[in-house]
Amino acid sequence: QVQLVESGGGLVQAGGSLRLSCAASGRTFSRYAMGWFRQAPGKEREFVAGITWNGGSTYYGDSVKGRFTIARNTVKNTVYLQMNSLKPEDTAVYYCAADQMTLRIGVSPEAVDYASWGQGTQVTVSS
């Protein structure tokens, strides 16, 4: 099991940037694909971005393509989400998650495929 703690959320004006971090504990962190999801009030949890276990490929939800970048640092056991050109509709609680499967080929956009979740960090974008 991987334990996850997110940080870096906050309040930002539209057009601004934030970088979220997700610190993972557990010796097998490097064997799991990682994902970022978000959930706004009254809405379902949405896939934002994912990165394969080896960092070789990244995937993004349509609403964030070209604006957000996911990366991982295996030495620091940390996953990052760089968010640029933020919009009010990006306002949500952001969660990082670790895949339930080790060494998956690709990344799943389905929340049910992730076994470990952080507590979430609030991102608020003002207009």
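Parameters at a glance
Residues numbered from 1 in each chain as written. Predicted model: local features only at pLDDT ≥ 70, side-chain atom pairs only at ≥ 80, totals over all residues. Heavy atoms only, no water. Salt bridge = Lys/Arg side-chain N within 4 Å of Asp/Glu carboxyl O. Helix = DSSP H or I, 4+ residues; strand = E, 2+ residues; numbered from the N terminus. Buried < 20%, exposed > 50% of the residue type's maximum accessible area, 1.4 Å probe, protein only. Disulfide = S-S within 2.5 Å.

Asker: What's the story with the pattern of salt bridges in this structure? I'm lost.
Answerer: For side chains of opposite charge, pairing can occur when their charged atoms come near one another. Tallied over the full model, the rule gives five salt bridges. Residues Glu46 and Arg38 are paired through a salt bridge, measuring 2.8 Å at the closest nitrogen-oxygen approach. The partner of Asp90 in a salt bridge is Arg38, with the nearest N and O atoms 2.9 Å apart. Taken together, the residues Asp90 in the loop between β8 (78–83) and β9 (92–102) and Arg38 in strand β4 (residues 32–39) connect sequence positions 52 residues apart. Judged by relative accessible area, Asp90 falls into the buried class, the value being 0%. Shared partners join several salt bridges into a network, and the residues in it are Arg38, Glu46, Arg67 and Asp90.

Asker: Quick question: what am I supposed to make of the state of the cysteines here?
Answerer: As used here, a disulfide is simply a covalent bond connecting the sulfur atoms of two cysteines. One pass over the structure, following the stated rule, counts one disulfide. Across a sulfur-sulfur distance of 1.9 Å, Cys22 and Cys96 are joined as a disulfide pair. On the sign convention where negative is left-handed, the bridge of Cys22 and Cys96, at about 50° about the S-S bond, is right-handed. Taken together, the residues Cys22 in strand β3 (residues 18–25) and Cys96 in strand β9 connect sequence positions 74 residues apart. Each member of the pair, Cys22 as well as Cys96, is classed as buried.

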